[in-house]
Amino acid sequence: MLLPFFILLVTLITAAGFITKRWWFPAPINEYATQFDSYFAINVLVTGLVFIGVQVVLAWAIVRFRSRGNAVRFTHGNNKLEVVWTVLTLFIFISAAVAGAQLWSAFQLTASPAGALKIDVSGKQFAWNFRYSGADGKFGRTKVTLINDASGNPFGLDDSDASSKDDIMSSQLHVPAGRAVELRLTSHDVLHNFFVRELRIKQDLVPGMEIPLRFRADKPGTYEIACSELCGLGHHQMRSALVVMAPEEFESWLKGKAAER
Ligand SMILES: [Cu+2]
């Protein structure tokens with residue numbers, strides 16, 4: 001008769017893990033991430049209650065229907081019960097999908113506001129590179145044949161184009177706090193994934209595609225950018241940093257970078 005106690009103990013430990021939040025996400029740094037967390041919390045609450053309910057019923061059934069040396073009796077289902085729990089499950093899943101789709105589409109399908117900072121992001125085995133348009137606000141022409149890591153030209157910038165001259169390259173993603181940012185994600189080789197836990201966003205980089213990714217980070221700090229798509233032997237080393245700075249600090253960082261060119 002140890003089994004029901006063991007089931008209840010495992011259930012209790014699992015629930016405690018979620019309730020105490022001992023191992024949890026890092027704090028969100030914008031409104032989207034905060035909304036994402038509330039959505040996640042509702043999901044965990046609903047699925048958690050179902051999980052606990054099911055385990056308790058299982059433990060009860062083991063005790064209630066244990067062998068007492070009598071002849072075995074079989075039951076043949078209960079259509080009413082099956083309809084009830086199927087409809088309930090369907091209702092829960094559809095509600096979760098609708099709520100999730102609203103959150104997702106508000107974030108993914110809404111165009112950036114005017115004045116959004118546009119940054120090119122390139123992923124390759126096994127590094128991240130970021131490009132800013134510089135003082136003229138225009139991204140200069142690039143050529144695949146000019147890509148050269150040794151000479152510090154990971155984007156293949158074509159210096160014969162006037163608007164290329166002031167483009168700024170960085171191995172870390174610096175952004176001003178509170179301003180809308182629009183990334184354009186590209187990959188040089190295989191699938192990679194742009195993932196920042198504090199933003200609660202994750203987006204694949206697909207060779208041959210330019211994928212927009214919009215966010216606004218409100219809390220200054222340094223956060224890890226981790227490649228979240230197994231992309232080869234050096235995958236674990238493919239990381240960079242998202243540095244969210246006060247707007248004035250960001251401007252002076254950008255000026256410093258421009259002076260290095
Ligand atoms: Cu990668």
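As the structure is a computational prediction, the values presented were derived from the model and not from experiment.

Conventions adopted
- Residues numbered from 1 in each chain as written.
- Predicted model: local features only at pLDDT ≥ 70, side-chain atom pairs only at ≥ 80, totals over all residues.
- Heavy atoms only, no water.
- Helix = DSSP H or I, 4+ residues; strand = E, 2+ residues; numbered from the N terminus.
- Rg over C-alpha atoms; globule rule 2.2 N^0.38 Å.
- Buried < 20%, exposed > 50% of the residue type's maximum accessible area, 1.4 Å probe, protein only.
- Contact = heavy atoms within 4.5 Å.
- Lys, Arg positive; Asp, Glu negative; His and termini not counted.
- Charge placed at Lys NZ, Arg CZ, Asp CG, Glu CD.
- Donors = N, O, S within 2.8 Å, 3.2 Å for Na, K, Ca; no water.
- Tetrahedral: all angles 85-135°; square planar, octahedral: opposite > 155°, others 65-115°.
- Expected span 1.5 Å × (residues − 1).
- Polar contact = N/O pair within 3.5 Å; in protein donor to acceptor, adjacent residues only side chain to side chain.

## Regarding the overall build of the protein
Reasoning step 1: The helix and strand inventory of the protein stands at four helices and 10 strands.
Reasoning step 2: When the helices and strands of the protein are placed in sequence order, the string is α-α-α-β-β-β-β-β-β-β-β-β-β-α.
Reasoning step 3: Radius of gyration (C-alpha) of the protein: 26 Å, far over the 18 Å computed for a compact globule of 261 residues.
Reasoning step 4: When the backbone C-alpha atoms are referred to their principal axes, the protein occupies close to 90 × 35 × 35 Å.
Reasoning step 5: Looking at the 261 residues of the protein, the share that counts as buried comes to 33%.
Reasoning step 6: Counting contacts in the protein only where the partners sit at least 6 residues apart, residues at least 24 apart contribute 69% of the total.
Reasoning step 7: Between the centroid of the 26 positive side chains of the protein and the centroid of its 23 negative side chains there is a distance of 12 Å.

## Observations regarding the coordination of the copper ion
Each pair of donors in an ideal octahedron of six around a metal sits at 90 or 180 degrees, and each pair in an ideal tetrahedron of four sits at 109.5 degrees.
Reasoning step 1: Distances from the copper ion to its protein donors, H192 (ND1), C227 (SG), C231 (SG) and M238 (SD), fall at 2.1 to 2.5 Å.
Reasoning step 2: The site at the copper ion holds four donor atoms, and with the angles between them running 89 to 125°, its shape is tetrahedral.
Reasoning step 3: Mapped onto the sequence, the residues coordinating the copper ion show the spacing H-x34-C-x3-C-x6-M. Linking H192 in strand β6 (residues 192-196) with C227 in strand β9 (residues 221-227), this pair joins segments that are 35 residues apart in sequence.
Reasoning step 4: Using a relative accessible area of 0% as the deciding quantity, one classes H192 as buried.

## A few points about helix α3 (residues 79-108)
Reasoning step 1: End to end, α3 covers 42 Å across 30 residues, agreeing with the expected 44 Å (1.5 Å per residue, within 8%).
Reasoning step 2: For α3, every residue scored as buried is listed here: G100, L103, F107 and Q108.
Reasoning step 3: Elements in contact with the buried residues of α3: α2 (31-64), β7 (201-205) and β8 (211-216).
Reasoning step 4: The residue sitting at the N-terminus of α3 and contributing the capping side-chain oxygen is N78; that oxygen lies 3.2 Å from the backbone nitrogen of K80.

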